[in-house]
Amino acid sequence: MINARLTEEMTEKMRRLVGHQFVSYFMDDDIFDDKSYCKIRIKTDTVCLDVMNEVQTFPFLESSIGTTEELSCFTCQECSVNTKYEPYLLDVKSKEVLVNEIIRGISIVSDEIIISEENYSICLDMAIIVETNRHKYVFSRRSYFDEQIYIHIDKDFDTIYSISDVQKSWNNEGEFSVQVKRFVAKL
Amino acid sequence: MGAGYHGGFGRTEGSRNKPNYTIDKNVQGMKKYYPVTETGKFGVKGKNQRIIYSKDQFATAEDFFERIARGGEQTKLPNGKGIKSVLSDGTTIVYRVITSTASSPAVEIFISQPSSIVDQKIHFIKEE
């Protein structure tokens, strides 16, 4: 199985946010409030966590016509609350969205995608959900090649990007039967 | 509102997204050059991606991007990897000049609202 998930170390960094004050999050300053290109920052009272969704190369996705596919995956990195936020894209301004709520829990939604005809399976983290005393902040991904991070409040991830959507993006236009197992890990 | 990259790309117009440039309008204007399938996809089937073959894949990719991203607000990807464009209906189009596939640029389309086309990644490959 190809593991394209957050590492144990990254997951531990997220777990450490629980119980802290969710001060704000940073994202691209765009007219569309529901997405940020490749990067967001979760700021708490003690530490910041930069979450990225950059594409990486996975040679197993090579095709017979010579293309090598890239897969976007979540990663995260800690930084101090005083570190200036730099968006992923050049020439883009960022904005800080104030939250000021207490983090009660963090969940990671992951999909295991099994494609028997091609003899491979992939495990990907699809959403990072920060639950506070008031709301549920969903930072999620969509297609395997999409670097955008989608931001929703109080929405169920299954309604944002369903298992059927995942199957559609992997079934090669109906050629493969794709099995998707979705699971949620509460940190 | 983001600062945006206002220089445009190639022969594109400036980069502030203009109210009337939606994905459906842009697709309508390019259909005769780049046909769209009934399922809302460009090119031919590849492996979880679409393929457009061309004698000059870089020129074709650039031309395709200029047409589909017309009127969008453009920003550069880091390290010279390409350009992102957002249309007024929220559709995001990413032109990757550099991809993991040697000499094969790609255009990715992410739809925000119901449209005649669907999310897809199109690789441009040299026609032998």
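A quick note: this is a predicted structure, and the numbers were derived from the prediction, not measured.

Okay, the packing of aromatic side chains next. Going through the model one piece at a time under the given rule, you end up with 13 aromatic pairs over all chains. The interplanar angle of 25 degrees and the centroid separation of 5.2 Å between the aromatic rings of F65 of chain B and Y95 of chain B together place this pair among those described as stacked. Placement of F65 of chain B in helix α2 (residues 57-68) and of Y95 of chain B in strand β5 (residues 92-96) is noted, with a sequence separation of 30 residues between them. As far as the burial class goes, F65 of chain B and Y95 of chain B line up, both buried. Every member of this aromatic cluster is reached through a ring pair, and the members are F22, Y25, Y137 and F139 of chain A. Its end group placed over the ring of F26 of chain A, R41 of chain A keeps NZ or CZ at 5.8 Å from the ring centre. One residue, K25 of chain B, lies across the ring of Y21 of chain B, its end atom 5.5 Å from the ring centre.

All names here are of chain B. For the pair helix α1 (residues 23-30) and α2, the least separation of the axes is 8 Å and the interaxial angle reads 130 degrees. By the angle class used here, α1 and α2 are oblique. When α1 is examined against α2, the residues I23, N26, V27 and M30 are found in contact with a partner set consisting of F64, R67 and I68. Of the residues assigned to the contact of α1 with α2, the class counts are 5 nonpolar, 1 polar and 1 charged.

All names here are of chain B. A residue-level look at chain B finds 85% of positions with pLDDT of 70 or above and a mean pLDDT of 85. Low pLDDT, under 50, characterises residues 1-15; the predicted model gives this stretch 48 contacts beyond four residues in sequence or across chains. In the model output, the complex is listed with pTM 0.89 alongside ipTM 0.87.

Below, the discussion takes up the interface of chain A and chain B. At the interface, 40 residues of chain A touch 40 residues of chain B. For the chain A and chain B pair, buried surface summed over both sides reaches about 3300 Å², with 47% attributable to carbon and sulfur atoms. Run the count over chain A and chain B and you get 6 salt bridges. Linking chain A with chain B are 13 residue pairs in polar contact (both at pLDDT 80 or more). Sorting the residues of the side of chain A that touches chain B by element identifies β3 (35-37), β5 (48-57), β10 (148-153) and α3 (163-170) of chain A as the ones contributing at least two each. With 3 residues, β5 of chain A is the single largest residue contributor to the side of chain A that touches chain B. In the side of chain A that touches chain B, the residues fall into 16 nonpolar, 10 polar and 14 charged.

The next point concerns the pairing of strand β4 (residues 39-44) of chain A. Residues and elements named next belong to chain A. By the criterion of burial, β4 is predominantly enclosed, with 6 of the 6 residues buried. One ladder, built from 4 bridges, connects strand β2 (residues 21-28) with β4; its direction is antiparallel. Pairing of F26 across the sheet is with R41, part of β4. As paired elements, β4 and β5 share 5 bridges and run antiparallel to each other. Bridging across to β5, I40 finds its partner in V51. Connecting β4 to the antiparallel partner β5 that follows it, the hairpin turn spans 3 residues.

Bringing the side chain of K39 of chain A into the picture now. Residue and element names in this part refer to chain A. With respect to the helices, strands and loops of the structure, K39 is situated in strand β4. Given a relative accessible area of 12%, K39 falls into the buried group. Ignoring sequence-local partners within four residues, the contact set of K39 consists of D50, V51, M52, Y85, E86, P87, Y88 and I149.

So, on to α3 of chain A. All names here are of chain A. Here α3 has its buried residues at V166, S169 and W170. Down the axis of α3, the sector holding all buried residues measures 90 degrees, keeping them to one side. On the buried face of α3, the contacting elements are β6 (70-79), β7 (94-115), β8 (120-132) and β11 (178-186). Of the residues one or two after α3, N172 is the one with positive phi, at around 50 degrees.

Let's shift gears to the pairing of β8 of chain A. All names here are of chain A. With 12 of 13 residues buried, β8 lies mostly within the body of the structure. Here 3 bridges tie strand β1 (residues 2-4) to β8, and the two strands are oriented parallel to one another. Along β8, the bridge assignment pairs I2 with I122. Between the antiparallel neighbours β7 and β8 lie 4 residues, among them N119 with a positive phi of about 60 degrees. Across 5 bridges, β8 lies against strand β9 (residues 136-140) in antiparallel orientation. The partner of E131 across the bridge, within β9, is K136. What sits between the antiparallel neighbours β8 and β9 is a turn of 3 residues.

Parameters at a glance
- Residues numbered from 1 in each chain as written.
- Chains lettered and ligands numbered in written order.
- Predicted model: local features only at pLDDT ≥ 70, side-chain atom pairs only at ≥ 80, totals over all residues.
- Heavy atoms only, no water.
- Phe/Tyr/Trp six-rings, centres within 6.5 Å; stacked < 30°, edge-to-face > 60°.
- Helix = DSSP H or I, 4+ residues; strand = E, 2+ residues; numbered from the N terminus.
- Buried < 20%, exposed > 50% of the residue type's maximum accessible area, 1.4 Å probe, protein only.
- Lys NZ or Arg CZ within 6 Å of the ring centre and 35° of its normal.
- Axes fitted to C-alpha atoms, helices over the stretch in contact; angles between N-to-C directions.
- Parallel < 35°, antiparallel > 145°, perpendicular 65-115°, else oblique.
- Contact = heavy atoms within 4.5 Å.
- Nonpolar A, V, L, I, M, F, W, Y, C, P; charged D, E, K, R; others polar.
- pLDDT = per-residue confidence, 0-100.
- Buried area = accessible area lost by both parts, 1.4 Å probe.
- Salt bridge = Lys/Arg side-chain N within 4 Å of Asp/Glu carboxyl O.
- Polar contact = N/O pair within 3.5 Å; in protein donor to acceptor, adjacent residues only side chain to side chain.
- Pairing = 2+ DSSP bridges.
- Arc of directions from axis to C-beta.

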